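# Coordinate inspection notes
One-letter residues, chain by chain:
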Amino acid sequence: MKIIIFDDDPTGSQTVYGCPLLLNWDEQTLEKAFTKSSPLIFILANTRSLSSVSAVKKTREICSSIKKFFLRQGYSKDNYFYVSRGDSTLRGHGFLEPVILAEEFGPFHATFHIPAFLEGGRTTENGIHYLNGTPVHKTDFGRDNIFGFSTSDLAKWIEEKSFGKIQAENILHVEIKQLDMAFNTEDGFKSLLSFLSKLENNISVVVDAKSPHHLDTLARAIKLVSKEKRFLFRTAASFINSLSELPPNPHDIDDLVSLKSKNNEFEYKPGLIMVGSHVKLATNQLEFLFKDKTCEGLEIPVSKLADIFALEDSKEELLELEESLLSKIDCILDIKKVPVLYTSREEMKFSSYSKRMNFGLELAEFMAILVGKLTNKLGYIISKGGITTQLLLQKGLNFSQVDLKGQILPGLSIVTSNSDQYDLPVVTFPGNLGNETTLLESFRLMESNS
């Protein structure tokens, strides 16, 4: 049974490999994706970059395209698992998007909320979600300007994000103890199957997980009852790995790094790093990266761009800034250093939520189009930040689909496109992933055989 994942940014495939990531959902793209042997199809909806109203509209548009495709092909919507992939730090439209999928592809007997991303230190225990042992609402992610929240108790979080439409007391809970018993004993597993088989009326269920066997056990039980029950999932990346049951990736890190493009002399072309994410972790990683003197930073002045975007006619000023930045990047490449294109680190203030979201999209698109004009000179790109990466693939490189090759570090994927113009590998780097050294580590890996 294929698994269709609606990903709210392009990094949710960070535990799997060998599957298509769709940036377009027209009939031709869908047909190509559904004929691939992989059990996974990722739809890069990028809804985390949108307001709730726009996220609903886009999700419905994608669902409509898929349902029309099913109708033309004679496929049944009941023959697929549907996953709303969201951020393991609980940012995004985590309640809203599963509601829309339930309306479009339902009815379902339950919606499971499984935000554990074990590879990144995100675990859930006693219904509380943690980041490296700290309740996630006490981290910078809980204080996010757009998607902040006041509790790490997942049942209370759902109540908060649903504005009370779903009460915490009415939400079910799959506990660590229950999953351990199901893993260790036949009776425990039968008990889990019985629990699943009794779920009705799209009830919300939160799931604990501290190790892979918790998610693997749940996935195995869900598959057994899927003949009689239909379930919807809002999850981080780890559960997707359990549900797909992929064998280990046959391609190791050296294979993935060697995907870099070469010039006519069969030498690897230089790389480029772009950092759009403004979370504190991304800033710390950027500062650590600059300790490597083979990199050269180039700052995009965010406040200046905001002033330009506010002009009635901004084309000329944008072109001047673009030409200036392209010239500086060429100079960095000429001295055999790797350009690091990054946004200035200040947090801009806006008069409304929607204006802030729109500016983020405009900024990411500016970066994407800028880098897209350098593709013939580059051997690889490391792109940090979900919105940044989505628009790089979609607007800068004009890809309708990319192929996920695997991970060079835990949670850090590399994708390529079999484009007629170029086949430029992109490392998709979530804004919230790793520690202060991870960006530097990924850069050194990509340069390891140059």
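A cluster of acidic residues, Glu312, Asp313, Glu316, Glu317, Glu320 and Glu323, forms a negative patch at the surface. With respect to the helices and strands, Asp313 occurs in the loop between helix H11 (302-309) and helix H12 (315-334). Judged by relative accessible area, which is 55%, Asp313 ranks as exposed.

To continue, consider the nonpolar core. Judged by nonpolar contacts, the single largest core of 76 residues is most densely connected at Phe112 and Leu196. If you tally residues by element for this core, the top one is helix H13 (residues 353-372), at eight residues. Ignoring any residue separated from it by four or fewer positions in sequence, one finds Phe112 in contact with Leu196, Leu199, Val205, Val207, Ile222, Phe231, Leu232, Phe233 and Arg234. Among the nonpolar cores identified, the runner-up in size contains 27 residues, and Ala236, Ala237, Leu286 and Val338 belong to it.

Here we take up the layout of surface pockets. Looking at the largest pocket, its volume works out to about 920 Å³. If you go around the largest pocket, you meet 47 residues; those closest to its centre are Arg91, Ser277, His278, Val279 and Arg356. Within the residue set of the lining of the largest pocket, elements represented by two or more residues are H13 and helix H14 (386-396). Take the lining of the largest pocket: its biggest share by element is seven residues, from H13.

Here we take up the pairing of strand S6 (residues 122-125). Of the two faces of S6, the one lined by Arg122 and Thr124 is fully buried and the one lined by Thr123 and Glu125 carries no buried residue. Relative to strand S7 (residues 128-131), S6 is paired through four bridges, and the arrangement is antiparallel. Considered in S7, the bridge of Glu125 is made with Ile128. Linking S6 back to S7 in an antiparallel pair, the connection comprises two residues, with Asn126 at a positive phi of about 55 degrees.

To continue, consider the sheet that holds strand S8 (residues 134-135). The three strands are arranged S6-S7-S8 in an open sheet whose pairing can be described as antiparallel. Whereas interior strands pair on both sides, the edge strands pair on one side only; in this sheet they are S6 and S8.

Taken as a whole and assessed by the stated rule, the structure comprises two cavities of 30 Å³ or more. Looking at the largest cavity, its volume works out to about 120 Å³. If you trace the largest cavity, you find 13 residues lining it, with Asp87, Leu90, Pro115, Trp157 and Arg234 closest to the centre. Where the lining of the largest cavity is concerned, the elements lending two or more residues are strand S5 (110-114), helix H4 (154-161) and strand S11 (231-235). For the lining of the largest cavity, the class distribution of residues is six nonpolar, four polar and three charged. Quantified by volume, the second largest cavity comes out at close to 30 Å³. Residue lining of the second largest cavity: Phe6, Ala45, Thr47, Thr59, Ser84, Glu97 and Leu101, and that is the complete set. Residues belonging to the lining of the second largest cavity are distributed by class as follows: three nonpolar, three polar and one charged.

Scoring rules and cut-offs
- Residues numbered from 1 in each chain as written.
- Predicted model: local features only at pLDDT ≥ 70, side-chain atom pairs only at ≥ 80, totals over all residues.
- Heavy atoms only, no water.
- Patch = residues over 30% accessible without salt bridge, like charges linked within 9 Å, V, L, I, M, F, W, Y side chains within 5 Å.
- Areas by Shrake-Rupley, 256 points an atom, 1.4 Å probe, with all protein chains shown as cover.
- Salt bridge = Lys/Arg side-chain N within 4 Å of Asp/Glu carboxyl O.
- Lys, Arg positive; Asp, Glu negative; His and termini not counted.
- Charge placed at Lys NZ, Arg CZ, Asp CG, Glu CD.
- Helix = DSSP H or I, 4+ residues; strand = E, 2+ residues; numbered from the N terminus.
- Buried < 20%, exposed > 50% of the residue type's maximum accessible area, 1.4 Å probe, protein only.
- Core = buried A, V, L, I, M, F, W, Y, C linked by side-chain atoms within 4.5 Å.
- Contact = heavy atoms within 4.5 Å.
- 1 Å grid on protein atoms, 1.4 Å probe; cavity = no way out; pocket = protein on both sides within 12 Å on 5 of 7 lines; lining within 4 Å.
- Points joined across faces, edges and corners; volume = space filled by probe spheres on them.
- Pairing = 2+ DSSP bridges.
- Nonpolar A, V, L, I, M, F, W, Y, C, P; charged D, E, K, R; others polar.

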